[in-house]
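Chain and residue survey
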Amino acid sequence: MSSEKPVLIREDGLRHDGRKPDQLRPIRMEVGVLSNADGSAIVEYGGTKVIVAVYGPREVHPKHLTLPDRALIRCRYHMAPFSTIDRKSPVPSRREIELSKVIREALEATIFTELYPRTTIDVFIEVLQADGGTRTAGLTAASLAVADAGIPMRDLVAAVAVGKVDGVLVLDIDEVEDEFGEADMPIAMMPSLNQVVLLQLNGVLSRDEFKKAIELARKGIDEIYRLEKEALTKKYLKYPETV
Amino acid sequence: MSKIHVANRQIVRPGDLLAEGEDVKGGDYTYRVGDRVYASVLGLASVDNGVVSIIPLEGSPLPREGDIVIGLVTGVGITNWVVDIRAPYKAILNASEALESFNPITDDLRKYIDVGDYIIAKIIVFDRTRNPMLTVKGKGLGKITEGIVIDIKPSRVPRVIGKKKTMLNVLIETTGCSIVVGQNGRVWIRCPNKQLEDIVVRAIHKIEEEAHIPGLTDRVKKFIEEEKKRAGL
């Protein structure tokens, strides 16, 4: 990677890729992309591409992990070896194990696990291409895939990261902005219920900036939430009304 | 004052606000926070007498007592069979629920039903804390010896049967096949010949794909008649 810090906020106030500070990258979502999985989704935030497969509820193996009163949620966040510029070792790193955990906890808050005791719901998140914001894209895709599997849940999860680069708060930061910026704050919410399911902050923000950052994230989340709902509906609009 | 925000047969997604008000009742696949009723699955809304419920488009409902299911035998024990009924739980069929008299010392269960056999069975006990128990005692239940079994999405079972069995009757009357739809998304089809069998299978897959579009019964009727003409029947 280049070690020289690039210009992150240009003189005209736009970001290095020409976006406004409060603008998302182009987002694409599709559900039902894998036929072997019970539910699946692919989500792209600009150059970040994530595919998710959900299996379950199904029997737990190994058996001793079974929970008697609710479903066990297992989550694997993994980056493909070809997802980064330098080959990434396919062995799950410390970082990936931690992200698997925080994403699992965010999903656990949304799924009605008590409806399926003694079963498991397996979520496989595979990052195909990484350009910043893989955990937020992954969580968004995971929640779409769970919905596509028909598992009862409180709400969809919409996630986005807010960052601070060159002193400016920006929405949906990419790899370069993350690397050379001052702060990175991923947020995931259940927008209908107005509840936060994931909030991390890497870097330093003042109290005031934090409040502004949450507001900015909410704007992005509302837009992503709209796209998620559109993606789920679109699966059922393939066949015209009059056939 | 209660307010219902969705129309009948409108597509809803998890988290969609369905209704507001103390006196609104939430039916299947909904949940309540305060006086708001939300959807919990992807499906079609159904409003009936002030009760808002959802007909899911994906996923498979858990087994229920009294359901007729088509199971695949995956294991044989000393006094029972283990049956896959496409649920998160393995079903158990006890020898006493299949045979009149059975002595495990002198008899082998494999003689009657073996691994790989399909059975039509009824769920007699199930409460999520224990695995479902099956019986094959009853009219139309037992081992399947002829015809074919196909898998469909469990969420499409109500559509394949139809309101008051209309869809199922169309399938049976227009083709002359005998069809049993298991609640777990398996269908047993027995036809006079291979062409009819093929038509029924394709008609069922058509129902599966177009379940959410109104006017399905008439379309399926037309489809079967056209296909029959093409096959020269």
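In short, a report on the structure.

Analysis parameters
- Residues numbered from 1 in each chain as written.
- Chains lettered and ligands numbered in written order.
- Predicted model: local features only at pLDDT ≥ 70, side-chain atom pairs only at ≥ 80, totals over all residues.
- Heavy atoms only, no water.
- Contact = heavy atoms within 4.5 Å.
- Buried area = accessible area lost by both parts, 1.4 Å probe.
- Salt bridge = Lys/Arg side-chain N within 4 Å of Asp/Glu carboxyl O.
- Helix = DSSP H or I, 4+ residues; strand = E, 2+ residues; numbered from the N terminus.
- Buried < 20%, exposed > 50% of the residue type's maximum accessible area, 1.4 Å probe, protein only.
- Patch = residues over 30% accessible without salt bridge, like charges linked within 9 Å, V, L, I, M, F, W, Y side chains within 5 Å.
- Areas by Shrake-Rupley, 256 points an atom, 1.4 Å probe, with all protein chains shown as cover.
- Pairing = 2+ DSSP bridges.
- Polar contact = N/O pair within 3.5 Å; in protein donor to acceptor, adjacent residues only side chain to side chain.
- Disulfide = S-S within 2.5 Å.
- Axes fitted to C-alpha atoms, helices over the stretch in contact; angles between N-to-C directions.
- Parallel < 35°, antiparallel > 145°, perpendicular 65-115°, else oblique.
- Left-handed = near helix turned anticlockwise from the far one by under 90°.
- Nonpolar A, V, L, I, M, F, W, Y, C, P; charged D, E, K, R; others polar.

Before going further, it helps to spend a moment on the interface of chain A and chain B. Residue-level contacts link 34 residues of chain A with 32 residues of chain B. Approximately 2,700 Å² of surface area, both sides summed, lies buried where chain A meets chain B, with 55% of it carried by carbon and sulfur atoms. Run the count over chain A and chain B and you get three salt bridges. Across the pair Glu59 of chain A and Lys90 of chain B runs a salt bridge whose closest N-O atoms are separated by 3.2 Å.

Turning to the pattern of salt bridges, a few remarks are in order. One pass over the structure, following the stated rule, counts 44 salt bridges over all chains. In this structure, the salt-bridge partner of Arg86 of chain B is Asp151 of chain B, at a minimum N-O distance of 3.9 Å. With Arg86 of chain B in the loop between strand 10 (80-84) and strand 11 (91-94) and Asp151 of chain B in strand 15 (residues 148-151), this residue pair connects regions lying 65 residues apart in the sequence. Using a relative accessible area of 39% as the deciding quantity, one classes Asp151 of chain B as partly exposed. A salt bridge links Asp107 of chain B to Lys111 of chain B, with the shortest nitrogen-to-oxygen separation between them at 2.7 Å. Under the relative-accessibility criterion, Lys111 of chain B is labelled exposed at 59%. Each member of the salt-bridge network shares a partner with another, and the members are Arg15, Asp17, Arg19, Arg25, Asp172 and Glu177 of chain A.

On the surface, Val196, Leu199, Leu201, Phe210 and Ile214 of chain A cluster together to form a nonpolar patch covering roughly 390 Å² of accessible area. With respect to the helices and strands, the residue Val196 of chain A is situated in strand 9 (residues 195-199).

Residue and element names in this part refer to chain B. Read from one edge of the open sheet, four strands run 2-7-8-4, paired in mixed fashion. Where the open sheet ends on each side, the last strands, each with one partner, are strand 2 (11-12) and strand 4 (25-26). Examined bridge by bridge, strand 4 and strand 8 (residues 51-56) share two bridges and lie parallel to one another. Bridging across to strand 8, Gly26 finds its partner in Val52.

What follows concerns the side chain of Ser83 of chain A. Residue and element names in this part refer to chain A. For Ser83, the position within the fold is in the loop between strand 4 (72-79) and helix 1 (94-108). Relative accessible area serves as the criterion here: at 4%, Ser83 is assigned to the buried category. In terms of polar contacts, Ser83 uses its side chain to reach the backbone carbonyl oxygen of Ala80, at 2.7 Å. Dropping the residues within four chain positions of it, Ser83 is found in contact with Val127, Leu128, Gln129 and Ala130.

Once that is clear, we can look at the state of the cysteines. Residue and element names in this part refer to chain B. Going through the model one piece at a time under the given rule, you end up with one disulfide over all chains. Residue pairing for Cys177: its cysteine sulfur links by disulfide to Cys191, the two sulfurs lying 2.1 Å apart. Between Cys177 and Cys191, the S-S dihedral sits near 105°, and the bridge is therefore right-handed. Of this pair, Cys177 sits in the loop between helix 2 (166-175) and strand 16 (178-181) while Cys191 sits in the loop between strand 17 (186-190) and helix 3 (194-209); the two residues are 14 residues apart in sequence, bridging distant segments of the chain. For Cys177, a relative accessible area of 3% translates into the label buried.

What follows covers the packing of helix 1 of chain A against helix 2 (residues 134-148) of chain A. Residue and element names in this part refer to chain A. Closest axis-to-axis distance for the helix 1/helix 2 pair is 11 Å, and the angle between their directions is 40°. The orientation of helix 1 with respect to helix 2, classified from their angle, is oblique. Note that helix 1 runs across helix 2; the crossing there is right-handed. Of helix 2, the residues touching helix 1 (which contributes Arg95, Leu99, Ile103, Ala106 and Leu107) are Thr134, Arg135, Leu139, Ala142 and Ser143. When its residues are assigned to classes, the contact of helix 1 with helix 2 shows six nonpolar, two polar and two charged.

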